[in-house]
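A look at the structure
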Amino acid sequence: MRVPPTKHRTADGRPFTIRCAARADAGKLLDHSRTLISAEPERHVTEREEFDWTVEAVTRFYEAAAAHEGSLGLVALEGDEIIGEASLRGSRRAKLRHVSELGVGVRADRRRCGVARALLGVLLDAARAAHGLRKVTLRVFADNAPAIALYESFGFVIEGCRKGQVRIGDEYVDDLLMALDVSHPSQP
Ligand SMILES: CC(C)(COP(=O)(O)OP(=O)(O)OC[C@H]1O[C@@H](n2cnc3c(N)ncnc32)[C@H](O)[C@@H]1OP(=O)(O)O)[C@@H](O)C(=O)NCCC(=O)NCCS
């Protein structure tokens, strides 16, 4: 799916734009993801050395997202710099077409100033408007307090917990499964 570009401001007054990711963003999106994984490997399933996305794969993902009713790829831009991204990944399978999986990441030096809140606002409004979409799901490590607080503030609830699913160093961390019902329009 696609959404029109929207203008926003961070809590400290910096203007930024949220729009659908385009083919020309692929290189910067790749750098953005690589930087997040390298800086905070404990937040991501993929290890730095395992990160094997290419510009072609990123381009394919965002082009497919634009053409699919349950998928959406967004970037948050300050000037032409990517400061955040968020995505919905829908399924082509008939039995799963009512569900999309959410992902979000904000550049470390632009956190705590409303970028993720703005991205999820746009993304979830689009999800609520999407024909046939009923549920947005996500997975989050149980020790990722900032992300869990963000999701709960949008009404996501914990549906399940995969105990000790992720090994981080010598620790086994639970993987939480969270979901939001998007089958009804949001209250004002
Ligand atoms: C989680 C993440 C996306 C939040 O992005 P952000 O732009 O800093 O979030 P916002 O400033 O929009 O904050 C929105 C809400 O999230 C919660 N939140 C964000 N950071 C928080 C923190 N460090 N501690 C507690 N709550 C936090 C709060 O509820 C906040 O609302 P408030 O400011 O009114 O209290 C960001 O920390 C990030 O990219 N982390 C690394 C990648 C990651 O963990 N992604 C999720 C994987 S499942």
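Placed above this text is the structure.
Residues numbered from 1 in each chain as written. Predicted model: local features only at pLDDT ≥ 70, side-chain atom pairs only at ≥ 80, totals over all residues. Heavy atoms only, no water.

On to the pattern of salt bridges. Two side chains of opposite charge can pair, provided their charged atoms sit close to one another. Applying the stated criterion across every chain yields a total of 15 salt bridges. Residues R14 and E78 are paired through a salt bridge, measuring 3.4 Å at the closest nitrogen-oxygen approach. Taken together, the residues span a long stretch of sequence, with R14 in the loop between β1 (6–9) and β2 (15–20) and E78 in strand β3 (residues 72–78) at a distance of 64 residues. Note that D109 is salt-bridged to R107, the shortest N-O span being 2.8 Å. Owing to a relative accessible area of 23%, R107 belongs among the partly exposed residues under this scheme. The network of salt bridges with shared partners includes D12, R14, E78, E81, R107, D109 and R110. (Salt bridge = Lys/Arg side-chain N within 4 Å of Asp/Glu carboxyl O. Helix = DSSP H or I, 4+ residues; strand = E, 2+ residues; numbered from the N terminus. Buried < 20%, exposed > 50% of the residue type's maximum accessible area, 1.4 Å probe, protein only.)

Counting residues in hydrophobic clusters, the biggest one holds 39 residues, and the most contacted among them are L72, L74, L102, Y151 and F156. At the level of secondary structure, the elements contributing two or more residues to this core comprise β2, β3, β4 (81–90), β5 (99–106), α3 (115–129), β6 (135–141), α4 (145–153) and β8 (171–181). No other element matches the ten residues that α3 contributes to this core. Ignoring sequence-local partners within four residues, the contact set of L72 consists of M1, R2, V3, C20, A65, A86, S87, L88, L123 and A126. In terms of nonpolar packing, the next biggest core, distinct from the first, is built from twelve residues, A26, L29, F51 and Y62 among them. (Core = buried A, V, L, I, M, F, W, Y, C linked by side-chain atoms within 4.5 Å. Contact = heavy atoms within 4.5 Å.)

Our focus in this paragraph is the site of the ligand. Looking at the ligand, there are 20 residues lining it, with V106, R112, G114, R117 and N144 nearest. Take V104: an N or O atom from its main chain is 3.0 Å from a nitrogen atom of the ligand. Interatomic distance of 2.8 Å between a backbone N/O atom of G114 and an oxygen atom of the ligand. Relative to its free-state accessible area of 920 Å², the ligand is covered by the protein chains to the extent of 77%. Within the residue set of the shell around the ligand, elements represented by two or more residues are β5, α3, β6 and α4. For the shell around the ligand, the per-class residue count stands at eleven nonpolar, three polar and six charged. (Near = heavy atom within 4 Å. Polar contact = N/O pair within 3.5 Å; in protein donor to acceptor, adjacent residues only side chain to side chain. Areas by Shrake-Rupley, 256 points an atom, 1.4 Å probe, with all protein chains shown as cover. Nonpolar A, V, L, I, M, F, W, Y, C, P; charged D, E, K, R; others polar.)

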